[in-house]
Each structure stands twice: as C-alpha cells, then as structure tokens.
Amino acid sequence: MTTILEMSSRQHLYPTIIGNTNEDVDSESKTCGKILVVLSWILVIVTMPFSLFICFKVVQEYERAVIFRLGRLLSGGAKGPGIFFILPCIDSYARVDLRTRTYDVPPQEVLTKDSVTVSVDAVVYYRVHNATISIANVENAHHSTRLLAQTTLRNTMGTRPLHEILSERETISGNMQISLDEATEAWGIKVERVEIKDVRLPVQLQRAMAAEAEAAREARAKVIAAEGEQKASRALREASEVIGDSPAALQLRYLQTLNTISAEKNSTIVFPLPIDLLTYFIKAKEES
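The rules behind these values
- Residues numbered from 1 in each chain as written.
- Predicted model: local features only at pLDDT ≥ 70, side-chain atom pairs only at ≥ 80, totals over all residues.
- Heavy atoms only, no water.
- Helix = DSSP H or I, 4+ residues; strand = E, 2+ residues; numbered from the N terminus.
- Buried < 20%, exposed > 50% of the residue type's maximum accessible area, 1.4 Å probe, protein only.
- Contact = heavy atoms within 4.5 Å.
- Pairing = 2+ DSSP bridges.
- Expected span 1.5 Å × (residues − 1).
- Arc of directions from axis to C-beta.
- UniProt positions renumbered as here; feature names shortened; annotations may be inferred.
- Patch = residues over 30% accessible without salt bridge, like charges linked within 9 Å, V, L, I, M, F, W, Y side chains within 5 Å.
- Areas by Shrake-Rupley, 256 points an atom, 1.4 Å probe, with all protein chains shown as cover.
- Salt bridge = Lys/Arg side-chain N within 4 Å of Asp/Glu carboxyl O.
- Polar contact = N/O pair within 3.5 Å; in protein donor to acceptor, adjacent residues only side chain to side chain.
- Phe/Tyr/Trp six-rings, centres within 6.5 Å; stacked < 30°, edge-to-face > 60°.
- Core = buried A, V, L, I, M, F, W, Y, C linked by side-chain atoms within 4.5 Å.
- Axes fitted to C-alpha atoms, helices over the stretch in contact; angles between N-to-C directions.

### A few points about the overall build of the protein
Within the protein one finds 9 helices and 8 strands. Considering the protein as a whole, with its 288 residues, one finds that 23% of them fall into the buried category. Partitioning the intrachain contacts of the protein with sequence separation of at least 6 by distance along the chain shows that 66% fall at a separation of at least 24.

This is the structure we're talking about:
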C-alpha cells in the first residue's frame with residue numbers, strides 16, 4: 001500500500017518537474033537572446049557608419065520583409081514597404097512578393113463521370129495576402145499552390161459528365177476557385193480567379209460528335225422544309241378560294257403569269273388562249 005502511494009505521488013510530481021524544466025529553458029534562452037542583442041548593438045556602434053549599409057534594408061512597394069531574430073518571428077508582422085532595420089549576425093529576413101501571379105496549369109488527362117477521357121488545362125491567378133503566414137506555415141507557398149491547383153482540376157473534372165464540362169465552364173471555374181481559396185487560406189495565399197482554357201477530346205469522339213451534330217442539323221432542315229411546304233399549301237388553298245369567288249381574278253393571274261414568262265425568255269412568243277374556249281371544247285367532248 002505504501003508503494004502504491006509513493007508511485008502515485010511521483011506521478012503527480014512529474015508534470016511539475018517537466019513544467020519547471022521548460023520554464024528554466026525558456027528563461028535561459030531569453031537571457032541568451034538579450035545578451036546577443038546587446039552584443040549586436042555594440043557591434044553596430046563600434047563599426048559605425050559602415051554598419052549602416054548592412055543594417056538598413058529597402059523593400060519595394062509590392063514587397064514585404066519577414067524578419068527572424070534568433071530563429072523567431074519578430075512581433076509586429078512583416079515590414080515594409082520602404083526602409084527597415086535589422087541587427088547583424090542575429091537577424092535574417094525573407095522578401096515576399098505580393099503581386100498577383102499567373103500559373104498555367106499543364107494539360108491534365110481526366111476520366112469524366114461518364115467514362116470519357118479528356119485533356120483539360122486551366123489558368124490560376126493568385127497572390128500572397130499574408131506574408132508572415134506564407135513564410136512560417138509552409139515551406140514553399142507558390143509550389144504548394146500550383147500542385148494543389150493540378151489536383152483540384154483533376155478531382156473537379158472527374159466528378160462531372162462530359163456535357164457539363166463543355167457547357168458549364170464558368171460554374172466549374174467558380175467552384176474550383178472557392179475550393180482552392182479555402183485550402184490555401186492557411187498558407188497566406190488568396191486565389192483570385194480560375195479559368196478553364198481548353199477541353200481537348202479524342203479524335204474519334206470529335207468525329208462522332210460532328211456526325212451527330214450534322215445529323216441533327218439535317219433533321220432540323222427537313223422539319224423546317226416540311227413546315228414551309230405546309231404553310232405554302234395553306235396559302236395556295238386560300239388563294240384558290242379567293243380566285244374561285246371571282247372568275248376575273250383567275251384571268252388576271254393568268255395574264256400575270258404570261259408577263260413573267262415573257263420577261264424571263266424574250267425570244268419566246270406566247271399566244272394567250274382564252275380559258276372559256278378550252279372549257280367549251282371539254283364540255284363538247286363530254287357530251288359526245
């Protein structure tokens with residue numbers, strides 16, 4: 001019983017001992033850091049004014065400087081644009097470009113939802129919106145964003161059928177932009193825009209789609225021609241009803257037709273024959 005009590009008391013003591021050890025290490029590191037900072041300042045003062053050429057740095061308007069002092073980020077975030085001061089030997093900094101970058105995603109061979117192999121390429125526009133996070137949270141923010149853009153393009157196209165990929169490019173681009181922006185938020189990257197450039201189909205599939213489109217156009221042409229014939233027949237029926245009500249209208253139409261024929265073929269001589277005369281001969285034949 002005594003042994004169990006001793007073991008439990010030791011277990012309770014272990015966290016206290018570890019915590020005290022961490023505090024001692026932190027205090028020692030802070031003390032060493034202060035000493036090194038003082039020595040660095042002394043070095044700057046002794047080597048004045050030559051040390052100013054090393055201590056003062058300049059970053060452009062579109063750049064930011066992330067400063068590390070003894071391996072730790074300085075408080076206050078990234079510095080710039082303009083002039084900033086660093087201590088020699090203990091400070092190091094990294095320049096971060098905040099301008100928008102363009103990444104041309106190489107063509108990706110994708111198997112669509114309806115089992116069609118297509119080649120898709122896209123363009124991604126992104127920029128660094130938090131310089132400190134882009135340096136501290138990821139080894140290479142630009143390389144990671146480009147790899148993620150390739151995999152996101154493949155995953156997005158693999159869940160869509162071919163007809164949606166061809167007809168809904170804007171919707172797919174918007175979904176890709178939202179997905180990439182959410183994933184790269186922890187890296188300090190802002191994805192501004194994603195555009196799908198081209199969707200390349202296999203040659204056999206292109207021929208099949210062209211034949212299908214040609215057949216559809218021919219079918220529509222036949223339907224339109226049939227509708228035109230139907231409307232023309234209705235118009236002729238209405239015209240015949242009008243001419244039947246007025247015998248003189250038939251004679252005028254006959255003369256108009258003769259005028260058209262004579263205008264097209266001037267060498268042809270036409271002798272008009274009254275229709276009533278033909279009607280008389282037809283009736284005589286029927287009576288005989």
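### So, the sheet that holds strand β2 (residues 63-69)
With respect to topology, 3 strands assemble into an open sheet ordered β3-β2-β5, the strand pairing being antiparallel. Each edge of the open sheet is held by one strand with a lone partner, namely β3 (72-73) and β5 (91-97). The pairing of β2 with β3 spans 2 bridges and is classified as antiparallel. Looking at β3, one finds that R69 is bridged to R72.

### Considering helix α6 (residues 169-184)
With 16 residues, α6 should reach 22 Å at 1.5 Å per residue; the first-to-last C-alpha distance of 22 Å fits that figure. Considered for burial, the residues of α6 that qualify are I172, S173, M176, Q177, L180, D181 and T184. With its buried residues spanning 165° around the axis, α6 presents them on a single face. Next to the buried residues of α6 lie β7 (117-128), α4 (141-158), α5 (162-167) and β8 (189-200).

### Describing unusual backbone geometry
Leaving glycine aside, a negative phi is the common case for residues, and trans is the common case for peptide bonds. For the bond from M48 to P49, the omega torsion is 5°, close enough to zero to count as cis. The topology assignment puts P49 in the loop between α1 (2-46) and α2 (52-55). Here the bond from G80 into P81 is cis, since omega is 0°, no more than 30 degrees from zero. Structurally, P81 can be placed in the loop between β3 and β4 (82-85).

### Some points on the UniProt feature "transmembrane region" (unreviewed entry) in the protein
Mapped onto this numbering, the UniProt entry annotates "transmembrane region" (unreviewed entry) at residues 35-59. Summarising residues 35-59: 64% helix, 16% strand, and an end-to-end C-alpha distance of 29 Å.

### Side note on a nonpolar patch on the surface
A contiguous nonpolar patch, built from I35, L36, V38, L39, I42, V46 and L70 and spanning about 620 Å² of accessible area, is present on the exposed surface. Take V46: it is sitting in helix α1.

### Observations concerning α4
Taking 1.5 Å per residue, 18 residues should reach 26 Å; α4 reaches 26 Å between its end C-alpha atoms and fits that length. Taken residue by residue, α4 has A141, H142, S144, T145, A149, T152, L153, T156 and M157 as its buried positions. Looking at the packing, one finds that the buried side of α4 touches β6 (101-111), β7, α3 (131-136), α5, α6 and β8. Where α4 begins, the capping side chain belongs to N140, and its oxygen is found 3.3 Å from the backbone nitrogen of H142.

### Comments concerning the packing of aromatic side chains
Each aromatic ring pair is specified by the distance between its two centres and by the angle formed by the two planes. Counting across every chain of the model gives 3 aromatic pairs. Summarising the aromatic geometry, the rings of F56 and F85 are spaced 5.2 Å apart at their centres and angled 70° between planes, so their arrangement reads as edge-to-face. Residue F56 is found in strand β1 (residues 56-59), and its partner F85 is found in strand β4; the two are separated by 29 residues along the sequence. In this structure F85 comes out as partly exposed when scored by relative accessible area, which is 29%. An angle of 75° between the planes, with centres 5.4 Å apart, marks the rings of F84 and Y93 as edge-to-face. An aromatic cluster of at least three residues, connected via ring pairs, comprises W41, F56 and F85.

### Considering the nonpolar core
If you look at soluble globular proteins, the nonpolar side chains tend to sit buried side by side. With 30 residues, the main nonpolar core has V105, V118, V120, V124, L153, M157 and V199 as its most contacted residues. Secondary-structure elements contributing two or more residues to this core are β2, β6, β7, α4, α5, α6 and β8. By residue number, the principal contributor to this core is β7, which donates 6 residues. In contact with L153, not counting residues within four places along its chain, are V105, Q108, V120, D121, A122 and M176.

### Focus: the sheet that holds β8
Within the open sheet, the 3 strands sit side by side as β6-β7-β8. Their pairing is antiparallel. Whereas interior strands pair on both sides, the edge strands pair on one side only; in this sheet they are β6 and β8. For this sheet the average axis-to-axis angle between neighbouring strands, irrespective of direction, equals 25°. Pairing analysis gives 10 bridges linking β7 to β8, with the strands arranged antiparallel. Residue pairing for β8: R127 is matched across the bridge by K190. Against the sheet, α4 engages β6, β7 and β8, with an angle of about 35° to β6. Along the sheet face, α6 touches β7 and β8 and points at about 145° away from the line of β8.

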